[in-house]
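A closer look at the structure
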Amino acid sequence: MGGPAFATQPDPTDGAGRSFYDPDFDHAGYTTQTLPDQSVPVGFDRTYRAEFDLSELPPGLALDLQSDDGLWVWMNGQPVGHWGGDWQQEGCVNDNAQCVVTEVVAPVDVTGLLSIGTNTVAVRLSNPVLNSWIELVPACFE
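A brief structural summary. (Residues numbered from 1 in each chain as written. Predicted model: local features only at pLDDT ≥ 70, side-chain atom pairs only at ≥ 80, totals over all residues. Heavy atoms only, no water.)

**Notes on unusual backbone geometry**
The omega torsion of the bond from L35 to P36 falls at 5°, within 30 degrees of zero and hence cis. Note that P36 resides in the segment before β1 (44-54). Backbone geometry places Q88, a non-glycine residue, at a positive phi of 55°. Of the residues examined, Q88 reaches a relative accessible area of 23% and is grouped as partly exposed. (Helix = DSSP H or I, 4+ residues; strand = E, 2+ residues; numbered from the N terminus. Buried < 20%, exposed > 50% of the residue type's maximum accessible area, 1.4 Å probe, protein only.)

**Description of the layout of surface pockets**
One number sums up the size of the largest pocket: a volume of about 250 Å³. Surrounding the largest pocket, 18 residues form its lining, L35, R49, A50, V121 and L136 being those nearest its centre. Taken together, the elements giving at least two residues each to the lining of the largest pocket come down to β1, β2 (61-67), β8 (117-127) and β9 (134-140). For the lining of the largest pocket, the element with the highest residue contribution is β1, accounting for five residues. When its residues are assigned to classes, the lining of the largest pocket shows 14 nonpolar, two polar and two charged. (1 Å grid on protein atoms, 1.4 Å probe; cavity = no way out; pocket = protein on both sides within 12 Å on 5 of 7 lines; lining within 4 Å. Points joined across faces, edges and corners; volume = space filled by probe spheres on them. Nonpolar A, V, L, I, M, F, W, Y, C, P; charged D, E, K, R; others polar.)

**Details of the nonpolar core**
One broad rule of soluble globular proteins: the nonpolar side chains tend to lie buried together. In terms of nonpolar packing, the biggest core is built from 20 residues, with L63, L65, L71, V73, W83 and V123 touching the most fellow members. Looking at this core, the elements that each hand over two or more residues are β1, β2, β3 (71-75), β8 and β9. Counting six residues, the second largest nonpolar core, distinct from the first, contains F25, Y30, W74 and A122. (Core = buried A, V, L, I, M, F, W, Y, C linked by side-chain atoms within 4.5 Å.)

**Quick word on the pattern of salt bridges**
As enumerated under the stated definition, the model contains five salt bridges in all. Close ionic contact of D11 with R124 constitutes a salt bridge, the shortest N to O distance being 2.6 Å. Of the two residues, D11 sits in the segment before β1 while R124 sits in strand β8, which places them 113 residues apart along the sequence. Measuring nitrogen to oxygen at the nearest pair gives 2.7 Å for the salt bridge that ties D45 to R124. Of this pair, D45 sits in strand β1 while R124 is found in strand β8, placing the two residues 79 residues apart along the sequence. Accessibility classification places D45 together with R124 in one group, the buried group. (Salt bridge = Lys/Arg side-chain N within 4 Å of Asp/Glu carboxyl O.)

**Notes on the environment of T111**
Counting through the fold element by element, T111 comes out in the loop between β7 (108-109) and β8. Considered as a pair, T111 and L61 are 50 residues apart in the sequence and their alpha carbons are 5.1 Å apart.

**Brief notes about the side chain of N119**
In this fold, N119 is placed in strand β8. On the basis of relative accessibility, which here comes to 0%, the residue N119 falls in the buried class. A distance of 2.7 Å separates a polar side-chain atom of N119 from the backbone oxygen of S115. Among the polar contacts listed, one links the side chain of N119 to the backbone oxygen of G117, at a separation of 3.0 Å. Non-local contacts of N119, meaning those with residues more than four positions away in its chain, are made with A50, E51, F52, L54, N76, L113 and L114. (Polar contact = N/O pair within 3.5 Å; in protein donor to acceptor, adjacent residues only side chain to side chain. Contact = heavy atoms within 4.5 Å.)

**Here's the deal with the packing of aromatic side chains**
With the rule as written, the count across this model stands at four aromatic pairs. Measuring from ring centre to ring centre gives 4.4 Å for Y21 and W74, while their planes differ by 5°; the resulting arrangement is stacked. Taken together, the positions of Y21 in the segment before β1 and W74 in strand β3 put the pair 53 residues apart, joining distant regions of the chain. Measuring from ring centre to ring centre gives 5.8 Å for F25 and Y30, while their planes differ by 65°; the resulting arrangement is edge-to-face. In this structure an aromatic cluster arises from ring pairing among F20, Y21 and W74. Positioned over the ring face of W72 is R124, at 6.0 Å from the centre of the ring. (Phe/Tyr/Trp six-rings, centres within 6.5 Å; stacked < 30°, edge-to-face > 60°. Lys NZ or Arg CZ within 6 Å of the ring centre and 35° of its normal.)

Listed below in structure tokens is the structure:
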């Protein structure tokens, strides 16, 4: 699901003050968003959330990341990392989309942040220049 585009540096919060990456965040106003998403207006950010259930923990789960500009990722409310440009600064992740700087990032292992039951992955994308692009692909490994 994707949240509405916004143009402020602080992370969006819900009526109870929970950040968008908190598993209990009230995501009313979010809509189904197909990835890759190329619809973030210039000068805006967008947040994304996905929930998935696990009846058992996989041997390994990694996220393959790709973005045009800054990308922040959380799993179950815990920070996974930040890649690309800072807030409203150019810098691609694994995608040479005419960026001044492209950061190559290997798939990120998130196995240690998973739990049995419902899991939440949350992402923030910053889009300071012409293009926007985000892709996040999970892959199991042994």
